[in-house]
Amino acid sequence: MTFLSQTFQVTLEQDVVFSSTAATLGGQSGLDYLPGSVFLGALASRCYNDLEPEQAWIIFHSGKFQFSDALPLSNQQPSWPMPLSLHHYKGQEVMLNSKQLEARQLFDPAFPDARLDKWRQPKQLRKGYITASGEWIKPDLSQRMKTAIDSRTARAAEGQLFGYQSLDAGQVYYFQTQTSVEYQALFDLAISHFSGHLRLGRSRSAQYGRVKIQPVSDLHIQPRMHPSSTKELTLWLMADLALTDSLGKPCLQPLPELMGLPDGTQWLAGQSFIRTRSYSPYNAHRRCYDPERQVISRGSVLRFLLPSVPSPEELQSLQRIGRFQEQGLGRIAVNPQLIQTAQPVFEKPDAGSTVTAKAFSATPRPANSLLAQVLSTRLTEQQEDNQADQIARVLFQQLLSALDSARNWQGITSSEPLPEAPGRSQWGRIKDLASQHRNEPEVLWQKLISNDDAVIRARSGWQLELSPSETLDERVTDLLSAHQKSVLLPEILGRLAVLGLTTQWQNAIEGNKIFDKETT
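Rules of the game
Residues numbered from 1 in each chain as written. Predicted model: local features only at pLDDT ≥ 70, side-chain atom pairs only at ≥ 80, totals over all residues. Heavy atoms only, no water. 1 Å grid on protein atoms, 1.4 Å probe; cavity = no way out; pocket = protein on both sides within 12 Å on 5 of 7 lines; lining within 4 Å. Points joined across faces, edges and corners; volume = space filled by probe spheres on them. Nonpolar A, V, L, I, M, F, W, Y, C, P; charged D, E, K, R; others polar. Helix = DSSP H or I, 4+ residues; strand = E, 2+ residues; numbered from the N terminus. Buried < 20%, exposed > 50% of the residue type's maximum accessible area, 1.4 Å probe, protein only. Contact = heavy atoms within 4.5 Å. Patch = residues over 30% accessible without salt bridge, like charges linked within 9 Å, V, L, I, M, F, W, Y side chains within 5 Å. Areas by Shrake-Rupley, 256 points an atom, 1.4 Å probe, with all protein chains shown as cover. Salt bridge = Lys/Arg side-chain N within 4 Å of Asp/Glu carboxyl O. Lys, Arg positive; Asp, Glu negative; His and termini not counted. Charge placed at Lys NZ, Arg CZ, Asp CG, Glu CD. Phe/Tyr/Trp six-rings, centres within 6.5 Å; stacked < 30°, edge-to-face > 60°. Core = buried A, V, L, I, M, F, W, Y, C linked by side-chain atoms within 4.5 Å. pLDDT = per-residue confidence, 0-100. Axes fitted to C-alpha atoms, helices over the stretch in contact; angles between N-to-C directions. Parallel < 35°, antiparallel > 145°, perpendicular 65-115°, else oblique. Left-handed = near helix turned anticlockwise from the far one by under 90°. Pairing = 2+ DSSP bridges.

Peer 1: I keep staring at empty space enclosed by the protein and nothing clicks. Help me out?
Peer 2: Empty space among the atoms can be located by rolling a probe the size of a water molecule over them. Here the structure, examined in full by the defined rule, presents 2 cavities of 30 Å³ or more. Empty space within the largest cavity amounts to approximately 60 Å³. Broken down by class, the residue content of the lining of the largest cavity amounts to 5 nonpolar, 1 polar and 2 charged. Estimates place the volume of the second largest cavity at around 40 Å³. At the level of secondary structure, the elements contributing two or more residues to the lining of the second largest cavity comprise α5 (370–410) and α8 (472–481). Broken down by element, the residue count for the lining of the second largest cavity peaks at 3 residues, all from α8. Looking at side-chain class alone, the lining of the second largest cavity contains 6 nonpolar, no polar and no charged residues.

Peer 1: I keep staring at the environment of V334 and nothing clicks. Help me out?
Peer 2: Positionally, V334 belongs in strand β24 (residues 332–334). For V334, a relative accessible area of 4% translates into the label buried. Counting along the chain gives 17 residues from V334 to S317, while the straight-line C-alpha distance between them is 9.7 Å. Those residues in contact with V334, other than ones at most four positions away along the chain, are M225, L233, T234, L235, L315, L318 and Q319.

Peer 1: What am I meant to see in a positive patch on the surface here?
Peer 2: Together, K90, K123, K127 and K138 line one region of the surface with positive charge. Mapped onto the secondary structure, K127 falls in the loop between β7 (122–124) and β8 (129–131).

Peer 1: Looking at this structure, how should I read the packing of aromatic side chains?
Peer 2: Two descriptors summarise a pair of aromatic rings, namely the distance from one centre to the other and the angle between the planes of the rings. Taken as a whole and judged by the stated rule, the model has 12 aromatic pairs. Ring geometry for F8 against F175: centres 5.1 Å apart, planes inclined by 15°, an arrangement best described as stacked. One end of the pair, F8, is in strand β1 (residues 3–12); the other, F175, is in strand β12 (residues 172–180), and 167 residues separate them in sequence. Each of the two residues, F8 as well as F175, counts as buried. With a relative accessible area of 0%, F175 lands in the buried category. An aromatic cluster is built from F8, F39, F67, F175 and F194, whose rings are joined through pairwise contacts.

Peer 1: Which parts of the structure should I look at to understand the nonpolar core?
Peer 2: When a protein is soluble and globular, its nonpolar side chains tend to lie buried together. In terms of nonpolar packing, the biggest core is built from 64 residues, with L34 and F39 touching the most fellow members. Top element by residues in this core is helix α1 (residues 36–47). It accounts for 6 residues.

Peer 1: Could you clarify how one ought to interpret the confidence of the model for the chain in this entry?
Peer 2: Detail in the predicted coordinates should be disregarded across regions flagged by low pLDDT. Confidence in the prediction of the chain, expressed as mean pLDDT, is 84, and 90% of residues score 70 or more. Element-level pLDDT for the chain is lowest in strand β25 (residues 356–357), with a mean of 40, against a maximum mean of 96 in strand β23 (residues 301–305). Here residues 351–366 is modelled with pLDDT under 50, and outside its nearest four sequence neighbours on either side it reaches 23 contacts, counting other chains as well. The low-confidence segment residues 513–520 (pLDDT under 50) makes 18 contacts with residues lying over four places distant or belonging to another chain.

Peer 1: Looking at this structure, I do not really get the packing of helix α6 (residues 424–436) against helix α9 (residues 489–500). What am I missing?
Peer 2: A pair of packed helices can be characterised by two numbers: the angle between their axes and the separation between those axes. Running from amino to carboxyl end, α6 crosses α9 at an angle of 155°, the nearest separation of the two axes being 8 Å. In terms of orientation, α6 and α9 fall into the roughly antiparallel class. Considering how the two elements wind past one another, α6 and α9 form a crossing that is left-handed. Here α6 contributes W427, I430, K431 and A434 to the contact with α9, which in turn contributes P490, L493, G494, L496, A497, V498 and G500. Each residue belonging to the contact of α6 with α9 can be placed in one class, and the counts come to 8 nonpolar, 2 polar and 1 charged.

Peer 1: Quick question: what am I supposed to make of unusual backbone geometry here?
Peer 2: Residues apart from glycine generally show negative phi values, whereas peptide bonds are mostly found in trans. In this structure, N75 takes a positive phi of about 50° despite not being glycine. Checked against the element boundaries, N75 lands in the loop between β4 (71–74) and β5 (77–81). Of the residues examined, N75 reaches a relative accessible area of 62% and is grouped as exposed.

Peer 1: Looking at this structure, I do not really get the environment of R495. What am I missing?
Peer 2: Take R495: it is sitting in helix α9. Taking C-alpha positions, R495 is 9.6 Å from F396, a pair spaced 99 residues apart along the chain.

Peer 1: Please clarify how the side chain of N335 should be interpreted in this entry.
Peer 2: Locating N335 in the fold gives a position in the loop between β24 and β25. For N335, the residues in contact, after removing those within four places along its chain, are R224, M225, H226, E232, L233, T234, L315 and Q340.

Peer 1: I would appreciate a short explanation of the pairing of β5 in the present structure.
Peer 2: Working note: regular strand, side chains alternate between the two faces of the sheet. Taking burial as the measure, the 5 residues of β5 include 5 buried ones, the bulk of the element. Here β4 folds back onto β5 in antiparallel fashion, the turn holding 2 residues, of which N75 has a positive phi close to 50°. Inspection of the sheet shows β5 paired to β8 by 3 bridges, in the antiparallel sense. Bridged to S79 within β8 is T131.

Peer 1: What's the story with the packing of α6 against helix α7 (residues 441–450) in this structure? I'm lost.
Peer 2: Orientation of α6 relative to α7, taken along the N-to-C sense of each, is 160°, at an axis distance of 9 Å. The angle between α6 and α7 places the two elements in the roughly antiparallel class. When you trace α6 past α7, the crossing you get is right-handed. Note on element contacts: α7 touches α6 through L444, K447 and L448, opposite I430, L433 and A434. Of the residues belonging to the contact of α6 with α7, the class tally is 5 nonpolar, no polar and 1 charged.

This is the structure we're talking about:
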């Protein structure tokens, strides 16, 4: 069968969040790739209502159109999930440099000529992606804690702290959409809606999800097939594989009959490397989770012994297997050259290869353009944030030293609590003031220090005696006076208050032994 296909490049312009599970408690672990289902959904959001029912059925429901997962693109080279057949000895360095794997240090224990050392422990390579030239790519992810905001009080909602793990902005991915040649008109219509900007993943209305998509050519996304023809068959999963038995139940064993292999095929379980997982994909249109899927994980390597040498047509039919192919599942590399021997076979990178982006404008922008002004403003703001953070940390250390002075003067040991000191409520008031008057340093100073009802005055713990002639509120006023007229005062106080709300301050006033001034 002849297929139409188009590859797209996806540039992350903001951090993007795709959670790996449907769990709502604890930190949310994120995926390091973009699932094909999000591109199917993104296309539906753009053109579903404009299509005839029959057209919408063919593109979105029939499985005739497939949208692959988006995997990392590095130096114009596509990457693939790390094959689980690759091992190295524990404690052995496998990198030639910061990214390049050394083939001589890797081996596949399924091959008799792997020359295993029984006195050393093999360790499987599991994380990241690999290119044809042996580059090991580990996508950059960040973890951030968030909290829901109570609309009535405009403050953090009680018991609604959560975390997101996100793919960092600036990374580049690729994905492919494919269909039969008989749907040429619908295919052209579909790919015409993909160029431009989209918002993908979770928390799209906040700070996450903006990506740029553009068609590319001259990008060969399938691993090179090994030229030899034998009865042995190796399948390397480019995406998760969802198999079901005759009753429609999930099956996590790659039985030959479920893989569409001919009768008499043997699954070589001892030479295969499999991991599994289960998850429930979220459907943004229905605002609920779909039924749980149990799948054989991407990167798994399956080996079979066929009753006869397969034809090229038979091998071609094995590149997509199982359910949910329209959402990126079931993509398979057949007899890939990279893992057909005891040691991986890496190709030399092609210095002349290029990825051509259609409708890509490289016209330089003038130095006084709006973009240049925005970037310059952001750079200035970032430098000011860094400066304010450094000042706040120095001030916090000085306040911790002030607590030590109070202990020495009052004869209180380091393991005993201080009788009085500002607590969380006082630091919270300072943080609120800094937020309310972030553009009014003079007003902030008045409400913080100068007024009769100022936050920092001889009450609420600020009256703590540091010496016969000095209290904590006097020390704080003296320290902050150097920044009284600075435009950074609100930012400095906000960051100082955040440090005051940490357990480190509480441990310092309670005499907790785990207190360590060097951790800030």
